[in-house]
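Okay, here's what each chain looks like letter by letter:
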Amino acid sequence: SSGRFVDFDSSIVCKTWDELEDFKYDIVINTTSAGLKDDDLPAPKEFLERLLLDSICAIDVIYGKETPFLRLAKSLGKTTIDGADMLLGQGVLANELFVGSMFDRESILHHMKQSFLF
């Protein structure tokens, strides 16, 4: 965490957790690998608890397991979602690109859901 403030345009900003002041977000998404192979959280527990307090949902891009981040969110009564649907959506879009829309999206989605392992 370099502590730098980055202004991409007038509506998007990036801050480190040390700089964050507004903790009211509907959805909190973990996009780090924390919890993939260990019991690490993506940020200090106290910070995450404060961040999740007013949220509705917590999402982790890691799929096929309940990560420490999702366990923490669940313990706070939040709806939790793992990354399986993101992976599926990514696969459907990639298939569309590779085969040039030879198959309709619903057909691809149906077959990919059936072959999804978990």
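Summary of the structure given here. (Residues numbered from 1 in each chain as written. Predicted model: local features only at pLDDT ≥ 70, side-chain atom pairs only at ≥ 80, totals over all residues. Heavy atoms only, no water.)

## Some points on the overall build of the chain
We apply this condition: Helix and strand definitions here come from DSSP, where helices need a minimum of 4 consecutive H or I residues and strands a minimum of 2 consecutive E residues; each element is numbered from the N-terminal end. A simple rule labels every residue: compare its accessible area, found with a 1.4 Å probe on the protein chains alone, to the largest value its type can have, and call it buried under 20%, exposed over 50%, or partly exposed in between. Contact criterion: two residues are considered in contact whenever any of their non-hydrogen atoms come within 4.5 Å of each other.
Of regular secondary structure, the chain possesses four helices and five strands. For the chain, the N- to C-terminal ordering of α and β elements is β-β-β-α-β-α-β-α-α. Across the 118 residues of the chain, 27% fall into the buried class. Counting only contacts in the chain whose residues sit at least 6 apart along the sequence, the fraction spanning at least 24 positions is 50%.

## Let's talk about the packing of helix α3 (residues 84-99) against helix α4 (residues 105-115)
Formally: Axis definition: a line fitted to C-alpha atoms, over the contacting stretch in the case of helices. Angles run 0 to 180 degrees between N-to-C directions. Comment on the angle field: the value is read as roughly parallel under 35 degrees, roughly antiparallel over 145, roughly perpendicular from 65 to 115, and oblique elsewhere. Note on convention: the crossing is left-handed when the near helix lies turned anticlockwise from the far helix by less than a right angle, right-handed when the turn is clockwise. Each residue gets one label: Ala, Val, Leu, Ile, Met, Phe, Trp, Tyr, Cys and Pro are nonpolar, Asp, Glu, Lys and Arg are charged, and the others, such as Gly, are polar.
Axis separation between α3 and α4 bottoms out at 10 Å; the angle between their running directions is 130 degrees. By the angle class used here, α3 and α4 are oblique. Classified by chirality, the crossing of α4 by α3 is right-handed. Contacts from L88, G91, V92, L93, N95 and E96 in α3 reach R105, I108, L109, M112 and K113 in α4. In terms of residue class, the contact of α3 with α4 is built from six nonpolar, two polar and three charged.

## Looking at the pairing of strand β3 (residues 27-30)
Note on strand geometry: in a regular strand, side chains alternate between the two faces of the sheet. Heads up, the condition is: For two strands to count as paired, DSSP must find a minimum of two bridges between them. Crossovers are marked right-handed if the path from the first strand over the helix to the second runs clockwise, as seen with the strands pointing away from the viewer.
In β3, alternate side chains face the same way, and those of V28 and N30 are buried while those of I27 and I29 on the opposite face are not. Of the pairings in the sheet, the one linking β3 to strand β4 (residues 57-60) comprises four bridges and is parallel in character. Along β4, the bridge assignment pairs I29 with I59. Handedness of the β-α-β unit built from β3, helix α1 (residues 45-52) and β4 comes out right-handed.

## Some words on the sheet that holds β3
Read across the open sheet, the three strands follow the order β3-β4-β5; overall the sheet is parallel. Both outer strands of the open sheet, β3 and β5 (79-81), are each paired with one neighbouring strand and no more. For this sheet, the mean inter-axis angle between neighbouring strands, taken without regard to orientation, is 15 degrees.

## Remarks on the pattern of salt bridges
Under the convention used in this document: Here, a salt bridge means any side-chain nitrogen of Lys or Arg that lies within 4 Å of a carboxyl oxygen of Asp or Glu.
Under the criterion given, the structure shown has three salt bridges. Across the pair K24 and D54 runs a salt bridge, and its minimum N-O distance is 3.0 Å. Here K24 is found in the loop between β2 (12-14) and β3, whereas its partner D54 is found in the loop between α1 and β4, with 30 residues between them in sequence. Exposure remark for D54: the relative accessible area of 39% places this residue in the partly exposed category. With its nearest N and O atoms 2.8 Å apart, the salt bridge here joins E66 to K74. With relative accessibility at 33%, the residue E66 sits in the partly exposed group. Its relative accessible area of 49% is what places K74 among the partly exposed residues.

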